[in-house]
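One letter stands for each residue in the lines below.
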Amino acid sequence: MFSKILIANRGEIAVRIIKTCRRMGIATVVVYSEADADSMAVEMADEAVFIGPAPASESYLVADKIVAACRETGAQAVHPGFGFLSENAGFARRLAEEGIVFIGPNPEAIAAMGDKIESKKAAGRAGVSTVPGHVGEISDTAHAVQIAEEIGYPVMIKASAGGGGKGIRVAWNRRDVEEGFPAVQAEAKASFGDDRIFIEKFIESPRHIEIQVLGDKHGHVVHLFERECSIQRRNQKVIEEAPSPLLDEATRKAMGDQAIALAKAVGYDSAGTVEFVAGQDRSFFFLEMNTRLQVEHPVTELITGVDLVEQMIRSAAGEPLPFAQDDLKINGWAIESRIYAEDPYRGFLPSIGRLVRYRPPQEREVEGLTVRNDAGVREGDEISMFYDPMISKLSTWAPTRLAAIDAMGEALETFHIEGLGHNIPFLVAVMDEDRFRSGQLSTSYIKDQYPEGFQGTAPTARQTDIQIAAACAMHQVLSERAWPGRRRNDWVVNLGGVDHPVRLSHDGGAVRVKLTETGRSLALTDIAWRPGHPVFSATLDGVRFTVQVRPAAEGFVIRHRAAEARVLVLTPVSALLHKRLPPKKAADTAKLVLSPMPGLVVSLDVVAGQEVKAGEVVAIIEAMKMQNIIRAERDGVVKMVGPKAGDSVAADEVLAEFA
């Protein structure tokens, strides 16, 4: 067994690998860029080696620097994590030449299956059913258009070396191909150092199901069942679960057998994932194989009890698998939610910045329930524009699917983040949706459920009660602090423009809120809150809840799950005056084209005096390794352009103004 391993990665996965190495008694080395000098991974590792500037192309993707770090520290093996060099056959060969062990599959398996074009050819030779498409290389945009029209729209434009949702576009027509093909090439080059592209038929309303495989260097391969990853945005997974609510035992066995056959055909000897697109009728087609550890591996670990990182290390050290296929069983159900630095209210656009407050739910294993949070950040850390915007991966396990979903909802309810936008309101909204709870999933789920974009959810009757009661309890504490001994009990709570006259009373540590118009009473007990604290917890009618709160003039902004409202607590006189206030008019931005996110201007495609039609490209902004096309929302003549190509822009910065 190795005595020292170098981790050629960063963030959450570096921390994850360190934890397993510690348990196995293996020393760890991490490499880091300028952006990660103060990272959690650097703090946790036994040694750390600086490898260059923040851009991955100058640090984490430079094989020479990784090899030099191994030489400097005496590391015997390299774990690449996921992304970066994890599926680079040339890197694996280079390590072998240097006498360093690559903790992953052999280079031949990576070349055969890690390359998306070669993997489809290999699958075809093995008799595996694949999605119709063009598996050869594509020379230019005109060639891409020709291929797309031969296949028939819609098509998927994908980077051969892609992964993690990077380098992928759906094209519904010729213009989408003309715009999307160069964008995918650029993303692929920046993220993977390989701009080869292929095109395949896009199957509408499919499900994304993948099989986890694990092999050793003695010819043994097993599968650890499936994961369903159908909840995606911009082709990147957001919520995953294991097992899949779609599969029956016969389909599970068929997919597992096919995955093993494919892995054995290429001599696979580590952890990998065979991905399938599945129809609602349980038909399935091979998509690709990811020759690395997957981001969503925790859900497989939770239902099987197998530490996949440990098994990768043991396999790389030459140890045989400690179990056979018949030894593996599915136990319970697991859900994973990816916590991203992005704004779900603005089309899930990246939202970089500092984690001013970061308070995840407590990890625990109690009473048939597990809460696990895989993260590489701490409070005060910055989410950089140079890397993936994931903050953490929150996973829950329970004996049944609905129990795991409920546990996830409760964990997300208590997860508090400040300083940047995040997708927790969206994630918890999905946990509450009847369609998700019923298991009726597809990769178009987000588009289907939120055709006009995510705007939160309207409060239920119980959520309205929670917001009213929490506002009253907090306001009473602040009032007594400001005016000791002058307690007022009659107030008017304004929520969503509706007045709710209330009368407060106290019984020990409990607060009773009587809604005087209806006569109903709300009793809050077990209150946990102090002034300035951003989270309020209590029990209402015997059920515990947690809300996120922030102060606002004359009240609070309170969010319970995905329902957020400004709640004012007013005296009766103040409530009357509020009704006479004129409504505030929003600023007119109709003539402005604003950057929806902070990022780098790749191109500004208009000039002053140019006539522009709605839908035409105004600019391309790169953020989090993704290229985002900004289009005009109206016809007009350009009066002024702001930044130029190469400039950095902030969210809502003016890119262009129409006359």
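Above this text you will find the structure in question.
Residues numbered from 1 in each chain as written. Predicted model: local features only at pLDDT ≥ 70, side-chain atom pairs only at ≥ 80, totals over all residues. Heavy atoms only, no water.

Colleague: Mind laying out the overall build of the protein, listing which residues take part and the relevant values?
Modeller: When helices and strands are counted, the protein shows 17 helices and 40 strands. In terms of overall size, the protein behaves like a compact globule, its C-alpha atoms giving a radius of gyration of 27 Å where 659 residues would be expected to give roughly 26 Å. With 659 residues in all, the protein has 57% of them scored as buried. Taking as baseline every contact in the protein between residues at least 6 positions apart, the subset at least 24 positions apart corresponds to 64%. Counting only carbon and sulfur atoms, one obtains 51% of the accessible surface of the protein, whose full area is about 26500 Å². (Helix = DSSP H or I, 4+ residues; strand = E, 2+ residues; numbered from the N terminus. Rg over C-alpha atoms; globule rule 2.2 N^0.38 Å. Buried < 20%, exposed > 50% of the residue type's maximum accessible area, 1.4 Å probe, protein only. Contact = heavy atoms within 4.5 Å. Areas by Shrake-Rupley, 256 points an atom, 1.4 Å probe, with all protein chains shown as cover.)

Colleague: Account for the side chain of His-297, naming residues and giving values.
Modeller: Relative to the helices and strands, His-297 resides in helix 10 (residues 297–304). In this structure the side chain of His-297 is engaged in a polar contact, spanning 2.9 Å, whose partner is the backbone oxygen of Gln-294. What His-297 contacts, discounting residues up to four positions off in sequence, is Ile-13, Arg-16, Arg-227, Leu-308, Val-309, Arg-372 and Lys-393. (Polar contact = N/O pair within 3.5 Å; in protein donor to acceptor, adjacent residues only side chain to side chain.)

Colleague: A description of the pattern of salt bridges should follow, citing residues and the corresponding values.
Modeller: All chains considered together, the criterion is met by 54 salt bridges. When the shortest N-O distance is used, the salt bridge between Glu-98 and Arg-71 registers 3.0 Å. Separated by 27 residues along the polypeptide, Glu-98 in the loop between helix 4 (89–97) and strand 5 (101–102) and Arg-71 in helix 3 (residues 63–73) bring together distant segments of the chain. The closest approach of N and O atoms between Asp-374 and Arg-372, which form a salt bridge, is 2.7 Å. Here the salt bridges share partners, and the residues they tie into one network are Arg-16, Arg-23, Glu-301, Asp-307, Glu-310, Arg-314, Glu-319, Arg-372 and Asp-374. (Salt bridge = Lys/Arg side-chain N within 4 Å of Asp/Glu carboxyl O.)

Colleague: Please provide a residue-by-residue account of the layout of surface pockets, values included.
Modeller: In this model, the second largest pocket occupies a volume close to 550 Å³. Forming the walls of the second largest pocket are 25 residues, and the residues nearest its centre are Glu-413, Asp-432, Gln-463, His-560 and Arg-561. Those elements that provide at least two residues to the lining of the second largest pocket are helix 12 (401–414), helix 13 (424–432), helix 14 (434–438), helix 16 (461–482) and strand 30 (543–552). The element that contributes the greatest number of residues to the lining of the second largest pocket is helix 12, accounting for six residues. When grouped by side-chain class, the residues that make up the lining of the second largest pocket number eight nonpolar, seven polar and 10 charged. (1 Å grid on protein atoms, 1.4 Å probe; cavity = no way out; pocket = protein on both sides within 12 Å on 5 of 7 lines; lining within 4 Å. Points joined across faces, edges and corners; volume = space filled by probe spheres on them. Nonpolar A, V, L, I, M, F, W, Y, C, P; charged D, E, K, R; others polar.)

Colleague: With reference to specific residues and values, describe empty space enclosed by the protein.
Modeller: In this structure the tally under the stated criterion is two cavities of 30 Å³ or more. Approximately 30 Å³ is the volume attributed to the second largest cavity. Taken together, Pro-80, Gly-81, Ser-86, Phe-102, Ile-103, Gly-104, Pro-105, Thr-291, Arg-292, Leu-293 and Met-312 make up the full set of residues lining the second largest cavity. Broken down by class, the residue content of the lining of the second largest cavity amounts to six nonpolar, four polar and one charged.

Colleague: Could you give me a rundown of the pairing of strand 30, with the residues and numbers involved?
Modeller: On a regular strand, each side chain points to the face opposite its neighbour's, so the side chains alternate between the two faces of the sheet. As paired elements, strand 29 (residues 535–540) and strand 30 share six bridges and run antiparallel to each other. Within strand 30, the position partnered with Ser-537 by the bridge is Thr-546. The turn linking strand 29 back onto strand 30 is made up of two residues, and Asp-541 within it adopts a positive phi angle of 55°. As defined by bridge partners, strand 30 adjoins strand 31 (residues 555–560) across five bridges and the pair is classed as antiparallel. Directly across from Arg-550, in strand 31, lies its bridge partner Val-557. Counting the residues between successive antiparallel strands, the hairpin from strand 30 to strand 31 contains two residues, one of them, Glu-554, with a positive phi of roughly 65°. (Pairing = 2+ DSSP bridges.)

Colleague: Which residues make up the pairing of strand 28 (residues 520–528), and what are the values?
Modeller: When strand 27 (residues 510–515) meets strand 28, the two strands line up antiparallel, connected through five bridges. Among the inter-strand pairings, Lys-514 is bridged to a residue of strand 28, identified as Ser-521. Where strand 27 folds back on strand 28, the antiparallel hairpin that results is connected by four residues, among which Gly-519 adopts a positive phi of roughly 85°. Sheet topology places strand 28 next to strand 29; three bridges connect them, and they run antiparallel. The partner of Thr-525 across the bridge, within strand 29, is Thr-539. In sequence, strand 28 turns back onto strand 29 through a hairpin of six residues, with Gly-532 there showing a positive phi of about 90°.

Colleague: Help me get a handle on the environment of Glu-517, residues and values and all.
Modeller: Secondary-structure assignment places Glu-517 in the loop between strand 27 and strand 28. Judged by its relative accessible area of 63%, Glu-517 falls in the exposed class. Each C-alpha atom of the pair Glu-517 and Pro-501 lies 6.8 Å from the other, and the pair is 16 residues apart in sequence. Leave out the neighbours within four places in its chain, and Glu-517 touches Asp-499 and Pro-501.

Colleague: Tell me about the packing of aromatic side chains, and please be specific about residues and values.
Modeller: For the structure shown, the criterion picks out 14 aromatic pairs. Measuring from ring centre to ring centre gives 6.1 Å for Phe-91 and Phe-102, while their planes differ by 85°; the resulting arrangement is edge-to-face. Of this pair, Phe-91 sits in helix 4 while Phe-102 is found in strand 5, placing the two residues 11 residues apart along the sequence. Phe-102 matches Phe-91 in its accessibility class, with the two residues each being buried. Among the aromatic residues, those joined into a cluster by ring pairs are Tyr-345, Phe-348, Phe-426, Tyr-450 and Phe-454. In this structure, Arg-233 is placed above the aromatic ring of Tyr-340, and the distance from its NZ or CZ to the ring centre is 4.4 Å. Between Arg-488 and the ring centre of Trp-491, over which it is positioned, the NZ or CZ distance is 5.6 Å. (Phe/Tyr/Trp six-rings, centres within 6.5 Å; stacked < 30°, edge-to-face > 60°. Lys NZ or Arg CZ within 6 Å of the ring centre and 35° of its normal.)

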